[in-house]
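# Notes for the structure review
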Amino acid sequence: MSQISNVEELKNKLDNYQYVIGCDECGTGALAGCLVVCGLLTTPTWQVPGLNDSKQVSPKNREKVKEVLLKDNSIKHYIAQRSSQEIDEFGMGVALKSAYIEVFNNLYKPNTLIVCDGKLKFDTEFEYVSLIKADGLVPSVMAASILGKTFRDALMRDISLSYPNYDFYHNV
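Quick look at the overall build of the protein now. What the protein contains, in helices and strands, is 5 helices and 6 strands. The linear arrangement of helices and strands in the protein, starting from the amino end, is β-α-β-β-α-β-α-α-β-β-α. Its C-alpha radius of gyration of 16 Å places the protein within 12% of the 16 Å reference for a compact globule of 172 residues. By the burial criterion, 45% of the 172 residues in the protein qualify as buried. Nonlocal contacts in the protein, meaning residues at least 24 apart in sequence, comprise 65% of its contacts between residues at least 6 apart. Here the protein has roughly 9200 Å² of accessible surface; of this, 50% comes from carbon and sulfur atoms. Taking the average location of the 18 positive side-chain charges in the protein and that of its 21 negative ones, the two points are 4 Å from each other.

Laid out in structure tokens, this is it:
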């Protein structure tokens, strides 16, 4: 694992790889609901219009981009989730690491570099790099950010039906 400090450094590193898995998580600071980690496998040059950090895209446009991504046969994605009970039992750090490793295990193929948003540090046999703000800079991470957020938002809307007093529907 290494921390990458800028996009140029990442682009130079990606020149040596055939594939990239972009990863992002959501729900780590939430008071309710699960933790979600999403990864997206593609080529280093892959692009889709409308990508950005999921927090910078309106809910309506996130849904539009999600539909485009789900129809794109050149990519593969995987979502791992950890329940609030697992987080309470094992801690956020363990839950987060295990979710990332699950994503890596389900998407990895030879000659792949994994790019994670943030400042992650944990031991794994997979080669990965972390880049702060990758969810607004790296297309595969931006796409993973949008897929993960729309997935978790849908779960929270479903939960809101059972717990209407908490207004989860409007607080996703």
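So much for the structure itself; the text now carries on.
One finds Cys 23, Tyr 100, Phe 104, Ile 114, Cys 116, Leu 120 and Phe 122 to be the most contacted residues of the largest nonpolar core, which totals 21 residues. Listed by contribution, the elements that provide at least two residues to this core are β2 (19-26), β3 (35-42), α4 (92-107) and β5 (112-117). Counting residues per element, this core draws most heavily on α4, at 8 residues. Apart from residues no more than four positions distant in its own chain, Cys 23 is found in contact with Cys 38, Gly 39, Tyr 100, Val 103, Phe 104, Ile 114, Val 115, Cys 116, Asp 117, Val 141 and Ala 144.

Here the focus is the layout of surface pockets. Considered as a void within the structure, the largest pocket measures approximately 250 Å³ in volume. Considering the residues around the largest pocket, the lining is formed by 15 residues, among which Lys 11, Leu 14, Pro 44, Val 138 and Pro 139 are closest to the centre. Of all the elements, helix α1 (residues 7-14) adds the most residues to the lining of the largest pocket, at 4 residues. For the lining of the largest pocket, the class distribution of residues is 9 nonpolar, 4 polar and 2 charged. By volume, the second largest pocket amounts to about 150 Å³. Considering the residues around the second largest pocket, the lining is formed by Asp 24, Glu 25, Cys 26, Gly 27, Ser 54, Lys 55, Asp 117, Asp 135, Ser 145 and Lys 149. Where the lining of the second largest pocket is concerned, the elements lending two or more residues are β2 and α5 (139-162). A total of 3 residues in the lining of the second largest pocket trace back to one element, the largest contributor, which is β2. In the lining of the second largest pocket, the residues fall into 1 nonpolar, 3 polar and 6 charged.

Rules of the game
- Residues numbered from 1 in each chain as written.
- Predicted model: local features only at pLDDT ≥ 70, side-chain atom pairs only at ≥ 80, totals over all residues.
- Heavy atoms only, no water.
- Helix = DSSP H or I, 4+ residues; strand = E, 2+ residues; numbered from the N terminus.
- Rg over C-alpha atoms; globule rule 2.2 N^0.38 Å.
- Buried < 20%, exposed > 50% of the residue type's maximum accessible area, 1.4 Å probe, protein only.
- Contact = heavy atoms within 4.5 Å.
- Areas by Shrake-Rupley, 256 points an atom, 1.4 Å probe, with all protein chains shown as cover.
- Lys, Arg positive; Asp, Glu negative; His and termini not counted.
- Charge placed at Lys NZ, Arg CZ, Asp CG, Glu CD.
- Core = buried A, V, L, I, M, F, W, Y, C linked by side-chain atoms within 4.5 Å.
- 1 Å grid on protein atoms, 1.4 Å probe; cavity = no way out; pocket = protein on both sides within 12 Å on 5 of 7 lines; lining within 4 Å.
- Points joined across faces, edges and corners; volume = space filled by probe spheres on them.
- Nonpolar A, V, L, I, M, F, W, Y, C, P; charged D, E, K, R; others polar.

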